Amino acid sequence: MKRTTVLRNLVVLAGCAALICAAGVGVSHAATGTSTSTGTVVQPLTITNVVNLNFGKFIAGSSGGTVVVDTANVQTVSGGVTSTATWAALAKTATFTVTGEPNATYAITYPNTSTLAGPGTALTLDTFTTAVDAGGTVGTLPVSGPQILSVGATAHVAASQAAGTYLGSFDVTINYN
Amino acid sequence: MAGKNRFWHILVATLLAIQSALPAATLAAPTVVSKTQDLLFGKFAGGAGFSGSVRIDPSGARSASGAVVLVPSTFSPAGFSLTGHAGMTYTLSLPASFTLSSGADQMTVSDLSASIPSSGVLPVSGTLPFTVGGTLTVTGRQRNSTYSGTLDVTVK
């Protein structure tokens, strides 16, 4: 009699053990998925104007013409516009300091046109040109340090343009690409 | 004594029945969550006084806030595939946040969201693909580097 009781109890225990096993399988019902996540922080691009663009002095003629300042402070006149060596020497290329992620590439955006306002009809500015100092190329930052961006442009002068100083501004925008 | 014996027999029989029924159901279609795609925030300009955040939506759209500027690069939401038996009710758990690290430097990803509801029923196919996005916070003193971490999602 005692023997059979033990046996029954064993069966009950086995049943319970099996249930615990089943419960174990039930817990592993929860599943986890793992994804890798990355993000890369790069140095922000900055551009700072150092020297303003200056077309120097020139004389408007009876016909219209242009004044060009290239990326090396050189003034060139055409059409009815004339100048002298002294006046040309006043011309200055605009310069900007660009900083950002070493070796990164970027795009430069200029306005299609801009204007210089003064005593007479506004001068139209267009055909922006770009050069950089040693280290890196236009659109690519150097391995280290900032890059100096030089910007030239063309000013359109009307026939018999009123004498005086003409002023304006233009935006140079740079973006990583 | 005879009554007690009958009780034990019924109890054991019941337990065995439950035991044999349970694993049969669970083993037939175990729930599996497999990763199909990593959560990539891509490249962005930040740090050096530029703080803000980068958000990847479950739809895959990327956006930035604050002074952080997105830089063209590859980005994607995390992709997972939930497999189980058709008609199974699931509950999806996303962490409140997790960390991306680069050496001692860290960034936090929070506001995690999924393309599927947090609970629902598995379709007839038994497979439910879903994506997970989140918002990465970039501080103004974030060092330039690639940060990485792991996102764990749990399904019951």
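Residues numbered from 1 in each chain as written. Chains lettered and ligands numbered in written order. Predicted model: local features only at pLDDT ≥ 70, side-chain atom pairs only at ≥ 80, totals over all residues. Heavy atoms only, no water.

(A) Molecular detail of the pattern of salt bridges. Residues and elements named next belong to chain B. Counted by the stated rule, this structure contains three salt bridges over all chains. Asp38 is the partner of Lys35 in a salt bridge, and the nearest nitrogen-oxygen pair spans 2.9 Å. A salt bridge links Arg55 to Asp57; the nearest nitrogen and oxygen atoms lie 3.0 Å apart. (Salt bridge = Lys/Arg side-chain N within 4 Å of Asp/Glu carboxyl O.)

(B) Structural view of the environment of Ala61 of chain B. Residue and element names in this part refer to chain B. Residue placement: Ala61 occurs in the loop between β3 (52-56) and β4 (62-66). As for Ala61 and Gly133, which are separated by 72 residues in sequence, their C-alpha atoms are 9.2 Å apart. Discounting chain neighbours no more than four positions away, the residues touching Ala61 are Arg55 and Ile56. (Helix = DSSP H or I, 4+ residues; strand = E, 2+ residues; numbered from the N terminus. Contact = heavy atoms within 4.5 Å.)

(C) Layout of the side chain of Ser53 of chain B. Note that Ser53 of chain B resides in strand β3. Here the side chain of Ser53 of chain B touches Ser65 of chain B through a polar contact of 2.6 Å, side chain to side chain. (Polar contact = N/O pair within 3.5 Å; in protein donor to acceptor, adjacent residues only side chain to side chain.)

(D) Broad picture of the pairing of strand β1 (residues 31-42) of chain A. Pairing between β1 of chain A and strand β12 (residues 145-155) of chain B: eleven bridges, direction antiparallel. Looking at the pairing, Ser35 of chain A lines up with Leu151 of chain B of β12 of chain B. As judged from the six bridges shared by β1 of chain A and strand β2 (residues 39-45) of chain B, these two strands associate in the parallel manner. Bridging from a neighbouring strand, Thr40 of chain A pairs with Lys43 of chain B of β2 of chain B. (Pairing = 2+ DSSP bridges.)

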